[in-house]
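# Commentary on secondary and tertiary structure
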There are 2 protein chains.
Amino acid sequence: MSTPRASQGTADLRDLARRLAAAGATVGADDVAALVEGVAAAPEAWDAEAWLALVGGKPDAALKAELGRHVETARAGRIAEKVSPSRSQRLTQLRAELARRDLEGFIVPRADEHQGEYVPARAERLAWLTGFTGSAGAAIVLKDRAAVFIDGRYVLQVKDEVNPVDYAYCHLVDEPPAEWIAKSLKPKGRLGYDPWLHTPNDVERLTKACAKAGGELVAVDINPIDIVWADQPPPPLAPVVAHDVAFAGAPSAEKRRDVAAILAADTVDAQILSDPASVAWLLNIRGADVPNTPFALAFALIHADASVDLFVDRRKLAPGLIAHLGNEVRVAAPADLVTTLVRFGKAKMRLGLDPAGSPEWVRRRAQAAGAEIVFRDDPCALPKACKNPIEIEGTRTAHRRDGAALTRFLAWLSRTAPKGGLTEIVAAERLEAFRREGERIRSLSFSTISGAGPNGAIVHYRVSDATNRVLESGSLYLVDSGAQYLDGTTDVTRTVTIGTPPAEARDRFTRVLKGHIAIATLRFPEGTTGSQIDILARRPLWEAGLDYDHGTGHGVGSFLGVHEGPHRISKLANRVAFKPGMIVSNEPGYYKTGAYGIRIENLVTVVAIDPPAGAERKLLGFETLTLAPIDTALIEPSLLAPDEIAWLDAYHRRVHETIGPLVDAETRVWLEQATRPIGKG
Amino acid sequence: MSTPRASQGTADLRDLARRLAAAGATVGADDVAALVEGVAAAPEAWDAEAWLALVGGKPDAALKAELGRHVETARAGRIAEKVSPSRSQRLTQLRAELARRDLEGFIVPRADEHQGEYVPARAERLAWLTGFTGSAGAAIVLKDRAAVFIDGRYVLQVKDEVNPVDYAYCHLVDEPPAEWIAKSLKPKGRLGYDPWLHTPNDVERLTKACAKAGGELVAVDINPIDIVWADQPPPPLAPVVAHDVAFAGAPSAEKRRDVAAILAADTVDAQILSDPASVAWLLNIRGADVPNTPFALAFALIHADASVDLFVDRRKLAPGLIAHLGNEVRVAAPADLVTTLVRFGKAKMRLGLDPAGSPEWVRRRAQAAGAEIVFRDDPCALPKACKNPIEIEGTRTAHRRDGAALTRFLAWLSRTAPKGGLTEIVAAERLEAFRREGERIRSLSFSTISGAGPNGAIVHYRVSDATNRVLESGSLYLVDSGAQYLDGTTDVTRTVTIGTPPAEARDRFTRVLKGHIAIATLRFPEGTTGSQIDILARRPLWEAGLDYDHGTGHGVGSFLGVHEGPHRISKLANRVAFKPGMIVSNEPGYYKTGAYGIRIENLVTVVAIDPPAGAERKLLGFETLTLAPIDTALIEPSLLAPDEIAWLDAYHRRVHETIGPLVDAETRVWLEQATRPIGKG
């Protein structure tokens, strides 16, 4: 529990409490400071007053403003760069804490309890300790040495952020933590880890690594960083709200029944759900605890009788949420998870657990209590991925709004960029502003990638003041962006030329487009996986001795994660076959380091195809959801086959017909031009 | 040890021994009967006198003939169908033996100690017990019930061969042994298995299945079938001969050094080699213990110091072989493997073992003796797959001979089939006869698939008197065949029309051809696997709602297995990237049950491709090795793209130029016609 800050003196608080009570607030005087800290530990919402729902009652404008100031003050205090203790001092403090516990070392992953892509401020232990702010990585601290592990994206960034005197830099793939441990841990050395932050699969790898070194992997009860991190933020408190069945397409009770039937068929008594996206999907609830993904951090147990235990901080629940959840969903505090697991274990029940996603802590506690652990996939992952007809119709609608915003941006860009001086930051802000004007938008679905010239070649580029470039004539500009709408999640990349493009870029762009079209037009039998089809997006580049070093497509949620499984298009092995209703991105690219980047990304959804005469297999294919022009100035038509030209022209006709009526006259004129057919027909 | 048969009375033997001694034979009177039995337990060699090398000395024609008669008598006695004991009696005897050992049941896989595709007569325990002669399967015998497990290929065959009163029929994939055990084994029931015939991976699965039933998996010391099978053949004794470095391309010492370096890098002291193909490749030796694959059944230990322990019956070694093996290869009896493992274990050494290929017996014995087991792939698999330039040149030469034989056959077929009455068996025999006329041939590489009309649609069809069909006018004929030459192994499928083909078959054939060409012409970056490219062979069929239910390609050895790993072209996950020198088949197909089958199979080898201007990745591609005409009467040219027509015409030009000079005038006239270009150019 966090304590009131200096900025909220006792007298202040007493006055605030009196006024809250007068306004009928449900939050008492003792709790408001903690609520403010929790709200400040969540990302800033576009609707700055949304959190006030958690206060209850009817505060007047002055009281709202005062509460808002408290949150701002708390947030400002959290964001301000702390200079003391220095990173080196933090490392020293951690080592002292490890010594107290007789640990030779400790592993600090960039992870929260949910193995999320976005983690709350409280879970940014790696950044606090080492300074490294990348979205993937880990550190291992031993008595006499330490290392930070990063992947290819962060090779440059880590040098700016992490002190090489304190930490060796290691490559996550070439020299993974397990290898480093096997070489570096002392014989009989005890390496600590926080079982909340690692999965059983992680622990298996780490255990072997420690054994190889003759040492031992040891689970800690309390993360030592949480001891030495004096001003660690509390867990975030953002409102948990109902997700209207008009968007979700199916009532929670129906989803719970379907998932329960899967568990029952496997004779599993219950399964732990640790992915907040699964909890959000199953219960038709949404939250705002982390950036870009509208879920609430929570654990749940789904039982074979279709009832659910939801472990969530009640302070987060918006008014009416308990009623929305209904009788079959028992709400309990996060701390009650352990009691439930113990009870479950004592009854010798069979507990399903995803060994690649759920915390080792749950496995240990449940098993110790007597439960039988059954390793199996998250039972919500597949049904969540297969969108129902209402979700599909919703995402089509969201894509029309999103396409209109992107088209307005591209038209604006074509007028603005040639004047010179337009920067990546200004462009990204302008695109966000166009999107914010659309209905049902709640946030971006990820930080916009706005890359001019050579910055476009950095696959996971995030613009900063230091890297901000002007969009120059004769160069390419790549913009990858998306938003969270109540009725769907978008993710789209367009690459445009500023002025006349170099001939080489047109060749490369056309090859990327050929790969994109090959995926878009593919028909395939049931049972086909994304691993099988990935090559089609690459072959036109391979012909020229080129390729790109990322996957071709990722699953996308419905007002949920912009990256979701279990399907994907990738050369990596994946056993999940495409099923109707799945949404996946189609995003081949080409990147010339130091020069330019190209990516063409549309979202597509899997649909059944009318079988041709004589067909013996049921066929599936893709319907393209994303609607925005593809820059024809970057296309070399002689490289396209007639059916590829036909696809492009038909796509542009559809973009023109659908988006034209949704945009202003000036944009419409530009769109008319941008979607003109390149074929003779 | 087998005992002399009735046909070899004591007096006979004494006389034989005297004459052998007079001829300078190295085999004594006591050993000749066992040698004869061992030779008879090996497949019949094309060179019927080859085995006489094992007798030693210089026997005259009369003595050779007499020895030959002894082998023939022994072989005839082995092959004759035994009516007593009946299959049901055998089952009863087995159950009695299990009861003596307090076993609830026993599992009988169709497997030998080497997990080979072809097994020696001695290892045909499944066939002896149940009557089932398929190339894959298993039986499980419990006290009160038994089941035989077969895959889709054998659904009909099992009904002819296995008594349904004694055995339930189960599908290997839909209801695998592990599932059946989990349901059928009694609580506390002990299920026996022979650890020589199962891998550690098998045992892991079976252990879990038994545990699920509340029972136990128990390793047996002696296979109970070997106790009740009174006239079980001895292990085969076929000559082990040196494989000339002129064909192998690299001396054994060099290979051993390279493999040892891999072990040393992994700090493994030695690895058990249980795949006889690995032993054959490593030591440049060949044998004839099983049909179609020219290796000797043997185990070996390759040490990190590049020395080898070879465990093989010395009676098999042809004169001079010990010298060929050299000082670094220690020859020991098969029974000495256990002593070596125990010595190894006592020294606490690290033993590499392939958990998917090596016997559980080795793991158990070595581990019990104190060795540390390191699960890793067979270290010979990858270097064996990457053929050296001499092997590649050898296989090109072998393919020219093989192509000439196949072309002569196809020309003969075009003359003979229209006359009517030609059967699948006669056709297959004629093809074999053409091949036998070629140099360096040692055997077929598998039983020829000779399928007329509907029989062509049975993917693993083997013609028998019962199924033998006439090649009828207006039907398709599919022939899949290959041979073992000293300088290379071949495997080729052609589908031809007898008379005018139906229009649908031309459409399907052309789609299969398009898939074949897509693989043949592909360029791909280093690191690409067969899982990635498989789709290219299927896409033209998918477009029409069609597909085929087998992989697209398998690795092929160099005068070794016609099916070898570790690479393949398949939609199943495979992490082994193509490397120059690998040989793989390219064999898409289409099968219409009850009507016809189509397959076009060439072998290809992976080659480096000259990079196009601006290439950033090293490119690989395929060189087609197989040379024989593809039936143009089955091609619908309007379905082919210009570059596909160009590939076909260029291929046929090459076939004509290469094979034309190698065949008779009549065949050459036919070839001229068969390879005429279909394009306008």
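Residues numbered from 1 in each chain as written. Chains lettered and ligands numbered in written order. Predicted model: local features only at pLDDT ≥ 70, side-chain atom pairs only at ≥ 80, totals over all residues. Heavy atoms only, no water.

## Overview of the overall build of chain A
Helix and strand counts for chain A come out as 22 helices and 28 strands. A globule of 681 residues ought to have a C-alpha radius of gyration of about 26 Å, and chain A, at 26 Å, matches this closely. Taken along the three principal axes of its C-alpha coordinates, chain A extends 75 × 65 × 55 Å. In chain A, which comprises 681 residues, the share counted as buried stands at 57%. Long-range pairs, those at least 24 residues apart, make up 70% of the contacts in chain A with a sequence separation of at least 6. Counting only carbon and sulfur atoms, one obtains 53% of the accessible surface of chain A, whose full area is about 27,300 Å². Here chain A contributes 81 positive and 86 negative side-chain charges, whose respective centroids are spaced 1 Å apart. (Helix = DSSP H or I, 4+ residues; strand = E, 2+ residues; numbered from the N terminus. Rg over C-alpha atoms; globule rule 2.2 N^0.38 Å. Buried < 20%, exposed > 50% of the residue type's maximum accessible area, 1.4 Å probe, protein only. Contact = heavy atoms within 4.5 Å. Areas by Shrake-Rupley, 256 points an atom, 1.4 Å probe, with all protein chains shown as cover. Lys, Arg positive; Asp, Glu negative; His and termini not counted. Charge placed at Lys NZ, Arg CZ, Asp CG, Glu CD.)

## Brief notes about the packing of helix H19 (residues 503–520) of chain B against helix H21 (residues 642–659) of chain B
Residue and element names in this part refer to chain B. Between H19 and H21, whose axes approach to 10 Å, the crossing angle comes to 80°. One way to sum up the angle between H19 and H21 is to call them roughly perpendicular. Contacts from Leu513, Lys514, His516, Ile517 and Ala520 in H19 reach Glu644, Trp647 and Leu648 in H21. (Axes fitted to C-alpha atoms, helices over the stretch in contact; angles between N-to-C directions. Parallel < 35°, antiparallel > 145°, perpendicular 65-115°, else oblique.)

## Comments concerning the pairing of strand S24 (residues 583–586) of chain B
All names here are of chain B. With burial as the criterion, each face of S24 is covered, one bearing Ile583 and Ser585 and the other bearing Val584 and Asn586. Relative to strand S27 (residues 602–608), S24 is paired through four bridges, and the arrangement is antiparallel. Bridge assignment links serine 585 to a residue of S27, and that residue is leucine 603. (Pairing = 2+ DSSP bridges.)

## Quick notes on the relation of the copies chain A and chain B
Overlay of chain A on chain B (RMSD 0.1 Å): rotation 179°, translation along the axis 0.1 Å. Here the transformation between the copies is reduced to the relation of a two-fold axis. Mapped onto chain B, 100% of the interface residues of chain A are again interface residues, and the two copies thus contact each other with one and the same surface. (Least-squares fit on C-alpha atoms with pLDDT ≥ 70 in both.)

## Some remarks on the pattern of salt bridges
Opposite charge on two side chains allows them to pair when their charged atoms are near. This structure, assessed with the given rule, holds 88 salt bridges over all chains. A salt bridge links lysine 514 of chain A to glutamate 644 of chain A; its shortest N-O distance comes to 2.9 Å. Of this pair, lysine 514 of chain A sits in helix H19 (residues 503–520) while glutamate 644 of chain A sits in helix H21 (residues 642–659); the two residues are 130 residues apart in sequence, bridging distant segments of the chain. Glutamate 97 of chain B is paired through a salt bridge with arginine 100 of chain B; the nearest N and O atoms lie 2.8 Å apart. Of this pair, glutamate 97 of chain B and arginine 100 of chain B both sit in helix H4 (residues 87–100), separated by three residues, roughly a single helical turn. Relative accessible area serves as the criterion here: at 8%, glutamate 97 of chain B is assigned to the buried category. We classify arginine 100 of chain B as exposed; its relative accessible area is 62%. Several salt bridges converge on common partners, so that one network encompasses Glu504, Asp507, Arg508, Arg511 and Lys592 of chain A. (Salt bridge = Lys/Arg side-chain N within 4 Å of Asp/Glu carboxyl O.)

## Thoughts on the confidence of the model for chain A
On average, residues of chain A carry a pLDDT of 94, and 98% of them reach 70 or more. Of the regions scoring below 50 in pLDDT, residues 1–8 of chain A engages in 11 contacts with residues more than four places distant in sequence or in other chains. (pLDDT = per-residue confidence, 0-100.)

## As for the environment of aspartate 649 of chain B
Residues and elements named next belong to chain B. Tracing the sequence through the fold places aspartate 649 in helix H21. Linking aspartate 649 and alanine 298, residues 351 residues apart in sequence, is a C-alpha distance of 46 Å. Among all residues touching aspartate 649, those that are not within four sequence positions of it are Pro677, Ile678 and Gly679.

## So, the domain arrangement of chain A
By a frequent convention, interface size equals the accessible area lost on bringing the separate parts together. Residue and element names in this part refer to chain A. For chain A, the assigned domains are domain 1 (6–81), domain 2 (87–228), domain 3 (241–383) and domain 4 (386–669). With centres defined by C-alpha atoms, the gap from domain 2 to domain 3 works out at 29 Å. Contact with domain 2, which involves 16 residues of that partner, is made by 22 residues of domain 3. Together, the buried faces of domain 2 and domain 3 total about 1,500 Å²; carbon and sulfur atoms form 67% of this surface. Taken together, the links from domain 2 to domain 3 amount to seven residue pairs in polar contact (both at pLDDT 80 or more). (Domains from an automatic or database assignment. Buried area = accessible area lost by both parts, 1.4 Å probe. Polar contact = N/O pair within 3.5 Å; in protein donor to acceptor, adjacent residues only side chain to side chain.)

## A few points about the interface of chain A and chain B
Each side of the interface is counted separately: chain A has 30 residues, and chain B has 30 residues. Three residues stand out in chain A for area buried against chain B, namely Gln532, Trp542 and Arg617 of chain A, and they jointly supply 25% of the buried area on that side. Summed over the shared surface of chain A and chain B, the result is two salt bridges. Notably, a salt bridge pairs aspartate 549 of chain B with arginine 617 of chain A, separated by 3.0 Å at the nearest N-O pair. Joining chain A to chain B, the criterion identifies 12 residue pairs in polar contact (both at pLDDT 80 or more). Mapped by element, the contributors of at least two residues to the side of chain A that touches chain B are H19, strand S21 (523–525) and helix H20 (530–542) of chain A. The leading source of residues in the side of chain A that touches chain B is H20 of chain A, at seven residues. For the side of chain A that touches chain B, the class distribution of residues is 16 nonpolar, four polar and 10 charged. (Nonpolar A, V, L, I, M, F, W, Y, C, P; charged D, E, K, R; others polar.)

## Digging into the sheet that holds strand S19 (residues 488–489) of chain A
The strands making up a sheet associate through hydrogen bonds between their backbones, and the pairing can be parallel or antiparallel. Residues and elements named next belong to chain A. Pairing is antiparallel in the open sheet, where three strands are placed in the order S15-S18-S19. Strands with a single pairing partner mark the edges of an open sheet, and in this sheet they are strand S15 (441–444) and S19. Taken together, the three bridges between S15 and strand S18 (residues 483–485) define a ladder with antiparallel strand orientation. Directly across from serine 443, in S18, lies its bridge partner glutamine 484. This element, helix H18 (residues 424–436), spans S15 and S18 of the sheet and lies at about 165° to S15.

## Here's the deal with the pairing of strand S20 (residues 492–498) of chain B
Remark: a regular strand shows side chains that alternate across the two faces of the sheet. For S20 of chain B, the tally of buried residues reaches seven of seven residues, placing the bulk of the element in the interior. Every second residue of S20 of chain B is oriented toward a common face, with Val492, Arg494, Val496 and Ile498 of chain B on one face and Thr493, Thr495 and Thr497 of chain B on the other, all of them buried.

## Some points on the packing of aromatic side chains
To describe a pair of aromatic rings, one takes the distance between the centres and the angle between the planes. Residue and element names in this part refer to chain A. For the structure shown, the criterion picks out 22 aromatic pairs over all chains. By the ring-pair criterion, three or more aromatic residues cluster together here, those being Trp196, Phe299 and Trp361. Seen from the ring of tryptophan 412, arginine 430 lies directly overhead, with NZ or CZ sitting 5.8 Å from the centre. A cation over an aromatic ring shows up here: arginine 430 above the ring of phenylalanine 434, its NZ or CZ 4.1 Å from the ring centre. (Phe/Tyr/Trp six-rings, centres within 6.5 Å; stacked < 30°, edge-to-face > 60°. Lys NZ or Arg CZ within 6 Å of the ring centre and 35° of its normal.)

## Looking at unusual backbone geometry
Both trends apply: most residues other than glycine have a negative phi, and most peptide bonds are in trans. All names here are of chain A. A cis amide bond, omega 5°, links glycine 565 with the succeeding residue proline 566. Its place among the elements puts proline 566 in strand S23 (residues 564–569). Backbone geometry at alanine 306 places phi at a positive 80°, although glycine is not the residue there. Assignment of secondary structure puts alanine 306 in the loop between strand S10 (299–303) and strand S11 (308–311).

## Thoughts on helix H2 (residues 29–40) of chain B
Along its 12 residues, H2 of chain B runs 18 Å from first to last C-alpha, staying within 8% of the 16 Å computed at 1.5 Å per residue. Along H2 of chain B, nine of the 12 residues are buried, which leaves the element largely enclosed by surrounding structure. (Expected span 1.5 Å × (residues − 1).)

## Quick look at the environment of glycine 545 of chain A
By the element assignment, glycine 545 of chain A lies in the loop between H20 and strand S22 (553–555). Given a relative accessible area of 0%, glycine 545 of chain A falls into the buried group. When near neighbours in sequence (up to four residues on either side) are disregarded, glycine 545 of chain A contacts Pro612, Ala615, Glu616, Arg617 and Leu619 of chain B.

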